[in-house]
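Overview (structure and organization)
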Amino acid sequence: MPYRTIIEPFRIHSVQAIDLPDAEEREEALRQAGFNLFGLHADHVIIDLLTDSGTGAMSSEQWAGMMRGDESYAGSRSFYRFESIVKDITQMTQVIPTHQGRAAERILFSVMVDEGDVVPNNTHFDTTRANVEYRGAEARDLVVPEGRDPAIDLPFKGNMDIDALRATIEEVGRDRVPLVMVTVTNNSGGGQPVSLQNLRDVRAVCDEYEIPLFLDACRFAENAWFIKLREPGHEHRTPAEIAREMFSLADGCTMSAKKDGLANIGGFLALNDDEIAARCRNLLILTEGFPTYGGMAGYDLEAVAQGLAEVLDENYLRYRIRSTAYLGEKVAAAGVPIVQPPGGHAIYLDAKALLPHIPPHEYPAQSLAVELYRNGGVRGVEIGTVMFGRPSPDGGPDEPAAMELVRLAIPRRTYTQSHIDYVAEVVIDVASRAESLRGLRMVEQAPWLRHFTARFEPL
Ligand code: F0G
């Protein structure tokens, strides 16, 4: 067959207008937001790549499901539909709905993690790290060394470093490691996938020390597709078969349905341990809601159930992963340094490589993110020293993060190829003037998750 463009496997059914603020309006918006893109009014953003979380377009079947939502407080029909698809994909016996991923994390860690514990993960996402630390425990990132090298092009840079996992358990003792987590795909490490073999190896270590293994499963379908594409022996399997095998290796999972649930809100905690599940449900009732809705409306349960039924479709996943790679290839071909290979949900620009003249404590990735907005109204997010660095205890420069990245996360089924072409033009234009960019000074910060509310001044 001749080469054909991989097209969006859907037609647009309903649209939302984008305002096109001019350069002056963008400059004023930046000033008002304290040079923190979380502070922008979304109307001032032209292409919003802040996150792929809850920002996707729902299908007509999801909207139809919402009309069928059963709003019964207890025992809603919509819950049983939701529970049945979650059980079908995860094969786990206990399904606990939550309003989003971090609620599942908070409940799970409240039950399983104590002060002084250590939780290993390939790389904790910011809310996961914060929820572990909020329990007085240590969140330890044990991704393979190549996962910290943006330029190296390898198929599974999200893998857990098995030797480091074993060394951590030996060092702190198995009683202080209440669970091991693996994030699929590895969001903070470039949206890189984890191989099935690596999950099997982590499972073997967990079995040896009798420690439960949980998946942070937000992007499980994208991870399954990467396994199909890249891991020998899986090319003929369906994404659903691969996803089931991924889940079969774990004892439980936390899930934000705002990603691969293709929904605007929702999440769950699923696990096999009845006793832990009962304790989680007690907390759920305290803060989220009754166990058959857990903070979601009946119509949200329907949207997530239908989203989970759609996300493992091969045409969707082929388009999804290909369209992200398209942006990565375009900017990389113009010489812009990115985390290689392109991730599933996002392209990560390597600000450390692009802006070597800006030191980490002057936030090179924040400076790059601000400039992308200033230049073209494109909003990405800093994943660097603002998000993961630490203020120094003696008032000196921040302890830097391992990488200085700007993530351009692509909402699911939302933007077309010409939107993405525009983004590439903005990135390439800003990169061509890299040496003119200056750093920022942080003038306000919160004690945790400071990146959401910090304010900056240009240097
Ligand atoms: N785990 C991972 C790997 C995530 O990427 C996120 C959210 C969460 C947990 C928490 O889920 O937002 O539903 O509470 N990530 C979003 C992002 C916010 O932009 O990457 P949540």
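Residues numbered from 1 in each chain as written. Predicted model: local features only at pLDDT ≥ 70, side-chain atom pairs only at ≥ 80, totals over all residues. Heavy atoms only, no water.

Some remarks on the overall build of the protein
Of regular secondary structure, the protein possesses 16 helices and 14 strands. For 459 residues, the compact-globule estimate of 2.2 N^0.38 gives 23 Å, and the C-alpha radius of gyration of the protein, at 21 Å, lies within 12% of that figure. Oriented by its inertia axes, the alpha-carbon framework of the protein measures out at about 60 × 55 × 45 Å. Taken over 459 residues, the protein has a buried fraction of 58%. (Helix = DSSP H or I, 4+ residues; strand = E, 2+ residues; numbered from the N terminus. Rg over C-alpha atoms; globule rule 2.2 N^0.38 Å. Buried < 20%, exposed > 50% of the residue type's maximum accessible area, 1.4 Å probe, protein only.)

Some details on the site of the ligand
Taken together, 18 residues sit near the ligand, with Thr51, Arg102, Asp216, Ser256 and Lys259 positioned nearest. At 2.8 Å, a side-chain N or O of Asn187 approaches an oxygen atom of the ligand. One of the side-chain N or O atoms of Ser256 is found 2.6 Å from an oxygen atom in the ligand. Relative to its unbound accessible area of 470 Å², the ligand is 93% covered by the protein chains. At the level of elements, α4 (101–112) and α5 (126–134) are the ones that each hand at least two residues to the shell around the ligand. Of all the elements, α4 adds the most residues to the shell around the ligand, at 3 residues. Here the shell around the ligand is built from residues that sort into 2 nonpolar, 9 polar and 7 charged. (Near = heavy atom within 4 Å. Polar contact = N/O pair within 3.5 Å; in protein donor to acceptor, adjacent residues only side chain to side chain. Areas by Shrake-Rupley, 256 points an atom, 1.4 Å probe, with all protein chains shown as cover. Nonpolar A, V, L, I, M, F, W, Y, C, P; charged D, E, K, R; others polar.)

With respect to the sheet that holds strand β11 (residues 381–383)
Here 3 strands make up an open sheet; going across it, the order is β9-β12-β11 and the pairing antiparallel. Bordering the open sheet on either side are β9 (346–350) and β11, each of which pairs with just one other strand. Each strand of the sheet is rotated relative to its neighbour by a mean of 35°, with strand direction disregarded. One ladder, built from 5 bridges, connects β9 with strand β12 (residues 405–409); its direction is antiparallel. Bridge pairing in β12 places Tyr348 opposite Arg407. Sheet contacts for helix α14 (residues 364–376): β9, β11 and β12; angle to β12, the most-contacted strand, approximately 40°. (Pairing = 2+ DSSP bridges. Axes fitted to C-alpha atoms, helices over the stretch in contact; angles between N-to-C directions. Contact = heavy atoms within 4.5 Å.)

Here's the deal with the domain arrangement of the protein
Its domain assignment divides the protein into domain 1 (23–52 + 313–458) and domain 2 (60–311). Each partner contributes residues to the interface: domain 1 has 32 residues there, and domain 2 has 40 residues. Our enumeration of links across domain 1 and domain 2 arrives at 6 salt bridges. Put simply, Asp260 and Arg412 hold a salt bridge, and the shortest N to O gap is 3.2 Å. Summed over the shared surface of domain 1 and domain 2, the result is 18 residue pairs in polar contact (both at pLDDT 80 or more). Elements represented by at least two residues in the side of domain 1 that touches domain 2 include exactly α12 (314–333), β9, α15 (385–388) and β12. (Domains from an automatic or database assignment. Salt bridge = Lys/Arg side-chain N within 4 Å of Asp/Glu carboxyl O.)

Some words on the nonpolar core
Counting residues in each nonpolar core, the largest one holds 62 residues, and the members touching the most others are Phe82, Val180, Val182, Val202, Phe220, Met246 and Leu308. Here this core spans two domains, and each of domain 1 (23–52 + 313–458) and domain 2 (60–311) adds at least three residues to it. Those residues in contact with Met246, other than ones at most four positions away along the chain, are Val184, Leu196, Leu199, Leu215, Phe220, Asn223, Ala224 and Ile227. (Core = buried A, V, L, I, M, F, W, Y, C linked by side-chain atoms within 4.5 Å.)

Focus: empty space enclosed by the protein
All chains considered together, the criterion is met by 2 cavities of 30 Å³ or more. By volume, the largest cavity amounts to about 80 Å³. In terms of lining, the largest cavity is formed by 13 residues, of which the most central are Asn36, Phe38, Gln366, Val381 and Glu382. Mapped by element, the contributors of at least two residues to the lining of the largest cavity are α14, β11 and α15. For the lining of the largest cavity, the residue count by class is 8 nonpolar, 4 polar and 1 charged. Size it by volume and the second largest cavity reaches roughly 40 Å³. Around the second largest cavity, the lining residues are Asp52, Thr55, Gly56, Ala57, Lys258, Lys259, Leu262, Ala263 and Arg412. The residue inventory of the lining of the second largest cavity, partitioned by class, reads 3 nonpolar, 2 polar and 4 charged. (1 Å grid on protein atoms, 1.4 Å probe; cavity = no way out; pocket = protein on both sides within 12 Å on 5 of 7 lines; lining within 4 Å. Points joined across faces, edges and corners; volume = space filled by probe spheres on them.)

A look at the pairing of strand β8 (residues 267–271)
The buried count for β8 comes to 5 of 5 residues, which makes it a mostly enclosed element. The two faces of β8 match: Gly267, Leu269 and Leu271 on one face and Phe268 and Ala270 on the other face are all buried. Where strand β2 (residues 94–98) lies against β8, 5 bridges are found, and the strand directions are antiparallel. Note on β8: the bridge partner recorded for Gln94 is Leu271.

A word on a negative patch on the surface
The grouping of Asp19, Asp22, Glu24, Glu25 and Asp43 at the surface amounts to a negative patch. If you trace the backbone, Glu24 turns up in helix α1 (residues 23–32). (Patch = residues over 30% accessible without salt bridge, like charges linked within 9 Å, V, L, I, M, F, W, Y side chains within 5 Å. Lys, Arg positive; Asp, Glu negative; His and termini not counted. Charge placed at Lys NZ, Arg CZ, Asp CG, Glu CD.)

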